[in-house]
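For reference, the chains in residue letters:
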Amino acid sequence: IQSKKGAKYFVDHVLKEVEKEFGSDIDLMQGGYTIYTTLDSKVQEYAEEQVAKVVSENSRWGVSNACFLLSDASGRIVAEVGGVGYDKSEYNIVEDVRLQPGSSFKPLVYASAMAAGKLSRYATVSNAAVPYPGASRSDTWTPQNDAKHNASSYSLQTALGLSVNRPAVA
């Protein structure tokens, strides 16, 4: 692997896959193995640079980490950046993070609303606590936010960036 940073998150990911496939008894350190991957070293290097740049440019907003995954049409990984500093943390956001499903649905909800002409990218969205009826008259559901996301409204960009729940449901 010819990336400046060595694509360390990707290498760890590959090694985990090798262990899953062949068991923990395999000792790669003794040599004699050839592992072919789908990584594109030029794309990988660019992805690493861009992740670092995005975090740096957005640090004033509290952004301290980011990740990137690019796969081809067949699902083969072309580039994987699991965080901004493998030397600081080997935790691979791409592979190891577990988010609530709603966090991944929100961009799709907003994109659909924008495609339908219901929202513009400059829209302000309400953060009101609106109850929704359940299966019975006495059964209602009111979406909740995490405690720090209780402004009365947000720009669409901020609501999506902070993954605020209520605006995405409304």
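Residues take numbers from 1 onward in each chain, read along the sequence in its written order. pLDDT decides what is reported in this predicted model: residues at 70 or higher carry local features, side-chain atom pairs at 80 or more are listed and counted, and totals for whole chains, interfaces and linings draw on all residues regardless. Side-chain measures were taken over the full set of non-hydrogen atoms in the model, leaving aside hydrogen atoms and water.

Colleague: Which parts of the structure should I look at to understand the overall build of the protein chain?
Modeller: Put simply, DSSP H or I for four residues or longer makes a helix, DSSP E for two residues or longer makes a strand, and each gets a number counted from the N terminus. Looking only at helices and strands, the protein chain features six helices and six strands. Shown N-terminal to C-terminal, the secondary structure of the protein chain runs as helices and strands in the order α-α-β-β-α-α-β-β-β-β-α-α. Only C-alpha atoms enter the radius of gyration, while the globule expectation follows 2.2 Å times N to the 0.38, with N the number of residues. Taking 2.2 N^0.38 as the reference for a compact globule, 170 residues should give roughly 15 Å; the C-alpha atoms of the protein chain span a radius of gyration of 21 Å, well beyond that estimate. When the backbone C-alpha atoms are referred to their principal axes, the protein chain occupies close to 65 × 40 × 30 Å. Only protein chains enter the area calculation, which uses a 1.4 Å probe; residues under 20% of their type maximum are buried, those over 50% are exposed, and those in between are partly exposed. Considering the protein chain as a whole, with its 170 residues, one finds that 25% of them fall into the buried category. Any two residues whose heavy atoms approach within 4.5 Å are treated as being in contact. Contacts in the protein chain between residues at least 24 apart in sequence constitute 58% of all its contacts with a sequence separation of at least 6.

Colleague: Even after reading the chapter, I still don't get the nonpolar core, so can you show me in this structure?
Modeller: Taken as a class, soluble globular proteins show a tendency for nonpolar side chains to be buried jointly. Grouped together as the largest cluster of nonpolar side chains are seven residues: Tyr110, Val125, Tyr154, Leu156, Ala159, Val164 and Ala168. Apart from residues no more than four positions distant in its own chain, Tyr154 is found in contact with Ala123, Thr124, Val125, Asn127, Lys148, His149, Ala159, Leu162 and Val164. Here, nonpolar core refers to any group of buried Ala, Val, Leu, Ile, Met, Phe, Trp, Tyr and Cys residues whose side-chain atoms link them within 4.5 Å.

Colleague: Would you take a moment to explain the packing of aromatic side chains for this structure?
Modeller: Given two aromatic rings, their pairing is described by the distance between the two centres and the angle made by the two planes. Think of it this way: a Phe, Tyr or Trp ring, Trp meaning its six-membered ring, pairs with another when their centres are within 6.5 Å, and the plane angle makes it stacked under 30 degrees, edge-to-face over 60, tilted otherwise. Per the stated rule, a full pass over the model turns up two aromatic pairs. Look at Tyr9 and Tyr86: their rings are 5.1 Å apart centre to centre, the planes differ by 80 degrees, and that puts the pair in the edge-to-face class. Of this pair, Tyr9 sits in helix α1 (residues 8–22) while Tyr86 sits in the loop between β2 (77–81) and α3 (93–96), placing them 77 residues apart in sequence. Seen in terms of ring centroids, Tyr132 and Trp141 are 6.0 Å apart; in terms of plane orientation they differ by 40 degrees. Their pairing is tilted. When its relative accessible area of 26% is taken as the criterion, Tyr132 is described as partly exposed.

Colleague: Would you mind going over unusual backbone geometry with me for this structure?
Modeller: Trans is the common state for peptide bonds, and a negative phi is the common state for residues other than glycine. Even without a glycine there, the phi angle at Ser163 is positive, about 60 degrees. Of note, Ser163 is situated in the loop between α5 (156–162) and α6 (165–169). Look at Ser163 and you get partly exposed, because its relative accessible area is 25%.

Colleague: What should I look at first to understand the layout of surface pockets in this one?
Modeller: Empty space among the atoms becomes visible once a probe the size of a water molecule is rolled across them. In the cavity and pocket records, a cavity denotes points on a 1 Å grid over the protein atoms alone where a 1.4 Å probe fits but cannot get out, a pocket denotes an open set with protein on both sides within 12 Å along at least 5 of 7 lines, and lining residues are residues with an atom within 4 Å of a point. Grid points are joined across faces, edges and corners, and a volume is the space filled by probe spheres set on the points. Computed from the structure, the largest pocket encloses a volume of approximately 810 Å³. Lining the largest pocket are 21 residues; nearest its centre among them are Val63, Asn65, Gly161, Leu162 and Ser163. Across the lining of the largest pocket, the residue classes break down as eight nonpolar, ten polar and three charged. Residue polarity is assigned by list, with Asp, Glu, Lys and Arg as charged and Ala, Val, Leu, Ile, Met, Phe, Trp, Tyr, Cys and Pro as nonpolar; anything else, Gly included, falls into the polar class.

Colleague: Can you walk me through α1 in this structure?
Modeller: Given 3.6 residues to a turn, an α-helix orients residues that are three or four positions apart in the same direction. Under the convention used throughout, the expected extent of a helix is 1.5 Å for every residue step, that is, one less than its residue count. For α1, which comprises 15 residues, the first-to-last C-alpha distance of 21 Å matches the rise-based estimate of 21 Å (1.5 Å per residue) to within 8%. Tyr9, Phe10, His13, Val14 and Val18 are the residues of α1 that are buried. Tucked into the core, α1 has its buried residues touching β2 and α3. Phi for Gly23, located one or two positions after α1, is positive at around 90 degrees.

Colleague: What is the right way to look at helix α2 (residues 41–57) in this model?
Modeller: Taking 1.5 Å per residue, 17 residues should reach 24 Å; α2 reaches 24 Å between its end C-alpha atoms and fits that length. Within α2, burial applies to Gln44, Ala47, Glu48, Val51 and Val55. Viewed along the axis of α2, the buried residues span an arc of 100 degrees, placing them on a single side of the element. For α2, the exposed residues lying more than 90 degrees away from the buried face are Lys42, Tyr46 and Ser56. Summarising the contacts, the buried residues of α2 are in contact with β1 (68–71) and β2. Throughout, the arc means the angular range of directions from the helix axis out to the C-beta atoms.

These figures come from the coordinates and say nothing about function on their own.
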